[in-house]
Amino acid sequence: FAENLYRQACSLGAEFRYEKAEKIQDRGQEKMIVTGRYHYSARTVILATGAKNRHLGVEREEELTGKGVSYCATCDGAFYRGKDVAVAGGGNTALEDAVFLSGFCRKVYVIHRRKDFRGEARLQEALQKKENVQFVLDSQVVSLEGKDRLSAVTVRRNDTKETYRLAAEGLFIAVGQVPDNQAFLEQAELDDYGYIEAGED
């Protein structure tokens, strides 16, 4: 699909340059795009930088990514067949990930920082029927254990501040996405979620 879009754009006269846009300078009627190699001027610039997975921000999260920490259950879940795993999050993606993982993992902990899930009721009901799923509510992951690979997560209850350890070889983080637009914050207004404000006009 992407290849077809690329070919169509080329057939209509688009020229592709593979460079990192570092910043944009607003010069009134003209915008200057600064890359690591060149400067390009244009009357209009479309920012389509996408989004990336939001991280928990706990120590060793980056280090253990790909070694037990994942942001995609459908991509990596099969590696954890017959093992204990945890899902962090409370929206539809987290609940869908937990449903998916419960089909072949021995145990699935669903860790959510609130007392109630934000995800759809049908997904919550489906998980409540699973014998290998345990809800860990009003709690959040505060640390990760494991020498070369994840072996456990430490969870803290929000009300009592009590911490406890859950043995898990996989942690699937599904706490939303964050827009990848930090380089262009001066050029556009952002909404409450950090996305660029865009009107229908």
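The model shown is predicted, which means the values in this text are computed figures rather than measured ones.

Draft legend 1. Region of interest: the sheet that holds strand 2 (residues 30–35). Pairing is antiparallel in the open sheet, where three strands are placed in the order 1-2-3. Because the sheet does not close on itself, it has two edges, and the strands there are strand 1 (21–27) and strand 3 (39–42). The sheet shows a mean angle of 20° between the axes of neighbouring strands, direction not considered. Pairing analysis gives six bridges linking strand 1 to strand 2, with the strands arranged antiparallel. Bridge pairing in strand 2 places Gln25 opposite Met32.

Draft legend 2. Inspection of the packing of aromatic side chains at higher detail. Counted by the stated rule, this structure contains five aromatic pairs. Residues Tyr38 and Tyr40 carry aromatic rings whose centres are separated by 6.2 Å and whose planes lie at 65° to one another, so their mutual orientation is edge-to-face. The partly exposed category is assigned to Tyr38, whose relative accessible area is 41%. Here the aromatic rings of Tyr80 and Phe172 are separated by 5.5 Å at their centres, their planes lie at 85°, and the arrangement is edge-to-face. With a gap of 92 residues between them, Tyr80 in the loop between helix 2 (73–76) and strand 6 (84–88) and Phe172 in strand 12 (residues 170–173) connect regions that are remote in the sequence.

Draft legend 3. Highlighting the state of the cysteines. Taken as a whole and assessed by the stated rule, the structure comprises one disulfide. Paired through a disulfide, Cys72 and Cys75 show a sulfur-sulfur distance of 2.1 Å. As the torsion about the S-S bond is roughly 70°, the Cys72-Cys75 disulfide counts as right-handed. Look at Cys75 and you get exposed, because its relative accessible area is 52%.

Draft legend 4. The pattern of salt bridges, seen in detail. In this structure the tally under the stated criterion is 10 salt bridges. One salt bridge connects Glu15 with Arg17, and the closest N-O pair in it is separated by 2.6 Å. Using a relative accessible area of 59% as the deciding quantity, one classes Glu15 as exposed. Measuring nitrogen to oxygen at the nearest pair gives 3.6 Å for the salt bridge that ties Lys52 to Asp180. Remark: Asp180 occurs in the segment after strand 13 (177–179) and Lys52 occurs in strand 4 (residues 51–53); sequence separation between them is 128 residues.

Draft legend 5. Fine view of the sheet that holds strand 5 (residues 69–70). With parallel pairing, the five strands of this open sheet are ordered in space as 5-12-6-7-8. Of all the strands in the sheet, the pair left with one neighbour each is strand 5 and strand 8 (133–136). Pairing geometry for strand 6 and strand 12, over four bridges, is parallel. Bridge pairing links Val85 to Gly170 in strand 12. In this fold helix 3 (residues 92–102) packs onto strand 6, strand 7 (107–111), strand 8 and strand 12, with an angle of close to 170° to the strand it touches most, strand 6.

Draft legend 6. Structural view of the pairing of strand 9 (residues 139–145). Relative to strand 10 (residues 152–157), strand 9 runs antiparallel, the two sharing six bridges. Bridge pairing links Gln140 to Arg156 in strand 10. In textbook terms, the turn of a hairpin is the stretch between consecutive antiparallel strands, and for strand 9 and strand 10 this stretch comprises six residues, one of which, Gly146, has a positive phi near 135°.

Draft legend 7. Looking closely at unusual backbone geometry. A positive phi is found at Asp138, a non-glycine position, where the angle reads about 55°. In this structure, Asp138 sits in the loop between strand 8 and strand 9. Of note, Lys161 is a non-glycine position whose phi angle comes to about 65°, a positive value. Assignment of secondary structure puts Lys161 in the loop between strand 10 and strand 11 (163–167).

Draft legend 8. Structural context of the side chain of Asn181. Looking at where Asn181 falls in the secondary structure, it is placed in the segment after strand 13. Of the polar contacts made by the side chain of Asn181, one reaches the backbone oxygen of Gly194; its length is 3.1 Å.

Calculation notes
- Residue positions are given per chain, counting from 1 as you read along its sequence in written order.
- Given that this is a predicted model, residues contribute local features only at a pLDDT of at least 70 and side-chain atom pairs are listed and counted only at 80 or more, while totals for whole chains, interfaces and linings are drawn from all residues.
- Heavy atoms throughout the structure, all of them, feed into the side-chain values; hydrogens and water do not.
- The criterion for strand pairing is that DSSP finds at least two bridges linking the strands in question.
- Strands here are runs of E lasting at least two residues and helices are runs of H or I lasting at least four, both read from the DSSP assignment and numbered beginning at the N terminus.
- Helix axes use the C-alpha atoms of the stretch in contact, all axes being lines fitted to C-alpha atoms, and the angles between their N-to-C directions lie in the range 0 to 180 degrees.
- Classification of ring pairs uses Phe, Tyr and Trp, with its six-membered ring standing for Trp, and accepts pairs whose centres are within 6.5 Å; under 30 degrees between planes counts as stacked, over 60 as edge-to-face, and the remaining range as tilted.
- Each residue is placed in one exposure class: buried if its accessible area under a 1.4 Å probe, protein chains only, is under 20% of its type's maximum, exposed if it is over 50%, and partly exposed if it falls in between.
- Throughout, disulfides are identified as pairs of cysteine sulfur atoms within 2.5 Å of each other.
- For salt bridges, the criterion is a side-chain nitrogen of Lys or Arg within 4 Å of an Asp or Glu carboxyl oxygen.
- Here, two residues are considered to be in contact whenever any of their heavy atoms come within 4.5 Å of each other.
- Any pair of N or O atoms that falls within 3.5 Å is considered a polar contact. Within protein, one atom must be able to donate a hydrogen and the other to accept it, and sequence-neighbouring residues count only if both atoms are side-chain atoms.

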